[in-house]
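Each chain, letter by letter, is given below.
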Amino acid sequence: MENKSSKINFSWLIDDANYLYQNERKVGAILLLLCVIDALARDNNINTRVGDRFESFLKSKMRRTGRPQIHNIWIPKFNQFYTFEYIIYKFLRCPLVHEGSKLAISDNEFAVR
């Protein structure tokens, strides 16, 4: 199967996300950006599970020498530590994409409800 997404220009999605964000449609902007991450992650490793490649892609782009590293974030509700990439996938992307969960956003925080 040919990997066609690497030939696609995703700038229109990013432009639309920016427009939505500037017009106070932050949830729509985040949803579009999550779609872009999904598509780019598919390019990196087409033959793995969606969650694994999504997390791997984020990790490859966010963890760099000289940057503060985000590991083992404590989630009191589950009494467990998770990686930043897992939190974005499991608690933001999946509920928003698959369940249409409401995303409550303020200037200081956001939460999936």
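This structure is a prediction, so every number in the text was calculated from the model and none was measured. (Residues numbered from 1 in each chain as written. Predicted model: local features only at pLDDT ≥ 70, side-chain atom pairs only at ≥ 80, totals over all residues. Heavy atoms only, no water.)

1. Quick word on the packing of aromatic side chains
Our working rule: Aromatic rings from Phe, Tyr and Trp, taking only the six-membered ring of Trp, are treated as a pair when their centres fall within 6.5 Å; an angle between ring planes under 30 degrees marks them as stacked, one over 60 as edge-to-face, and anything in between as tilted. In DSSP terms, a helix is any run of H or I states spanning at least four residues, a strand is any run of E spanning at least two, and both are numbered starting from the N terminus. Note on classification: 1.4 Å probe, protein chains only; a residue is buried when its accessible area is under 20% of the maximum for its type, exposed when over 50%, partly exposed between these limits. Comment: the charge-over-ring label is applied if NZ (Lys) or CZ (Arg) is within 6 Å of the ring centre and within 35 degrees of the ring normal.
One pass over the full model with this rule turns up seven aromatic pairs. Here F54 and Y89 contribute two aromatic rings whose centre-to-centre distance is 5.4 Å and whose plane-to-plane angle is 50 degrees, an arrangement assigned as tilted. Here F54 is found in helix α3 (residues 50-62), whereas its partner Y89 is found in helix α4 (residues 84-99), with 35 residues between them in sequence. What makes Y89 buried here is its relative accessible area of 14%. A cation sits over an aromatic face here: R93 above F54, 5.9 Å from the ring centre.

2. Thoughts on the pattern of salt bridges
Pairing of side chains with opposite charge becomes possible as their charged atoms draw close. Using the following cut-off: The salt bridge criterion pairs a side-chain nitrogen of Lys or Arg with a carboxyl oxygen of Asp or Glu, the two atoms within 4 Å.
Taken as a whole and assessed by the stated rule, the structure comprises two salt bridges. One salt bridge in this structure joins D38 and R93, with 3.0 Å as the shortest N-O distance. Here R93 lies in helix α4 and D38 lies in helix α2 (residues 26-44), a separation of 55 residues in the sequence. Judged by relative accessible area, which is 5%, R93 ranks as buried. Between D52 and R49 there is a salt bridge whose closest N-O contact spans 3.2 Å. Since its relative accessible area comes to 38%, D52 is described here as partly exposed. Judged by its relative accessible area of 59%, R49 falls in the exposed class.

3. Some words on the confidence of the model for the protein chain
Low-pLDDT portions of the prediction should not be read for the details of their coordinates. Rules: Values of pLDDT, the confidence the predictor places in each residue, fall between 0 and 100.
On average, residues of the protein chain score 80 in pLDDT, and 81% of them are at 70 or above. Mean pLDDT across the elements of the protein chain ranges from a minimum in strand β4 (residues 110-112), with 52, to a maximum in helix α1 (residues 11-22), with 93.

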